[in-house]
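Now for the letters of each chain:
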Amino acid sequence: TQHCNNHLFSVMLMLSFVGVTLALLRHNWYPARVFVGDTFCYFAGVSFAVVGILGHFSKTLLLFFIPQVINFLWSCPQLFKLVPCPRHRLPRFDPEKGVCSPSTFACKPHEFKWLKRRP
């Protein structure tokens, strides 16, 4: 039946996606040898979109879309230049220690008080 074929198609695509993601996780575990950038994010988004659209799982696809909306709202201050964006949040590599550290931006004590944690 068509319903069974939709599920089979989705399973085949998601199994390959899970395999690629597990291989990436192995190389991205501490200490990371690769950095998950835009390419993997686009691949992941397209994988979910294809499975959701061609598999006719529109409600499930909307559930996967909710974290993307939250991420967009969380990133709005940087996207609209309300706060500095530290080089697109890429980590910095420390050759002495051989590890990556998070990127930051310097600010004066009176700047961006609404972003800082209160003691």
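Higher on the page you've got the structure.
Residues numbered from 1 in each chain as written. Predicted model: local features only at pLDDT ≥ 70, side-chain atom pairs only at ≥ 80, totals over all residues. Heavy atoms only, no water.

Caption draft 1: Expanded view of the overall build of the protein. Helix and strand content of the protein: 3 helices and 2 strands. Counted from the first residue to the last, the protein has its helices and strands arranged as α-α-α-β-β. For the protein, whose C-alpha radius of gyration is 19 Å, the value lies well above the compact-globule estimate of 14 Å for 119 residues. Principal axes of the C-alpha set define a box for the protein whose edges measure 65 × 35 × 25 Å. (Helix = DSSP H or I, 4+ residues; strand = E, 2+ residues; numbered from the N terminus. Rg over C-alpha atoms; globule rule 2.2 N^0.38 Å.)

Caption draft 2: Molecular detail of the state of the cysteines. Enumeration according to the criterion identifies 0 disulfides in this entry. Here Cys100 is not disulfide-linked; the sulfur of Cys41 is the nearest cysteine sulfur, at 16 Å. Residue class for Cys100 comes out partly exposed when judged on its relative accessible area of 45%. (Disulfide = S-S within 2.5 Å. Buried < 20%, exposed > 50% of the residue type's maximum accessible area, 1.4 Å probe, protein only.)

Caption draft 3: Representation of the side chain of Asn6 in the model. Tracing the sequence through the fold places Asn6 in helix 1 (residues 2-28). Those residues in contact with Asn6 that lie beyond four places of it in its chain are Leu54, Gly55, His56 and Phe57. (Contact = heavy atoms within 4.5 Å.)

Caption draft 4: Spotlight on the packing of aromatic side chains. Counted under the stated rule, the structure contains 5 aromatic pairs. The interplanar angle of 15° and the centroid separation of 6.2 Å between the aromatic rings of Phe17 and Phe40 together place this pair among those described as stacked. Pair noted here: Phe17 is in helix 1 and Phe40 is in helix 2 (residues 38-54), with a separation of 23 residues, a long-range link. Judged by its relative accessible area of 9%, Phe17 falls in the buried class. One aromatic cluster in this structure is built from Phe17, Phe40, Phe43, Phe48 and Phe64. (Phe/Tyr/Trp six-rings, centres within 6.5 Å; stacked < 30°, edge-to-face > 60°.)

Caption draft 5: How the structure looks around helix 3 (residues 58-79). The largest bend along helix 3 measures about 30° and falls at Leu73, with the proline Pro77 one to four residues further on. Taken as a whole, helix 3 has its buried residues at Ser75, Cys76, Pro77 and Gln78. Phi for Lys81, located one or two positions after helix 3, is positive at around 60°. (Bend = angle between axes of the 7 residues up to and from the residue.)

Caption draft 6: Expanded view of unusual backbone geometry. Positive phi values are uncommon outside glycine, yet His56 reaches one of about 60°. Inspection of the secondary structure assignment puts His56 in the loop between helix 2 and helix 3.

Caption draft 7: Broad picture of the layout of surface pockets. If you add up the space inside the largest pocket, you get close to 970 Å³. Forming the walls of the largest pocket are 27 residues, and the residues nearest its centre are Asp38, Cys41, Tyr42, Gln68 and Asn71. Contributing elements (two or more residues each) for the lining of the largest pocket: helix 2 and helix 3. The dominant element in the lining of the largest pocket, judged by the number of residues it contributes, is helix 3, at 11 residues. By residue class, the composition of the lining of the largest pocket is 17 nonpolar, 7 polar and 3 charged. (1 Å grid on protein atoms, 1.4 Å probe; cavity = no way out; pocket = protein on both sides within 12 Å on 5 of 7 lines; lining within 4 Å. Points joined across faces, edges and corners; volume = space filled by probe spheres on them. Nonpolar A, V, L, I, M, F, W, Y, C, P; charged D, E, K, R; others polar.)

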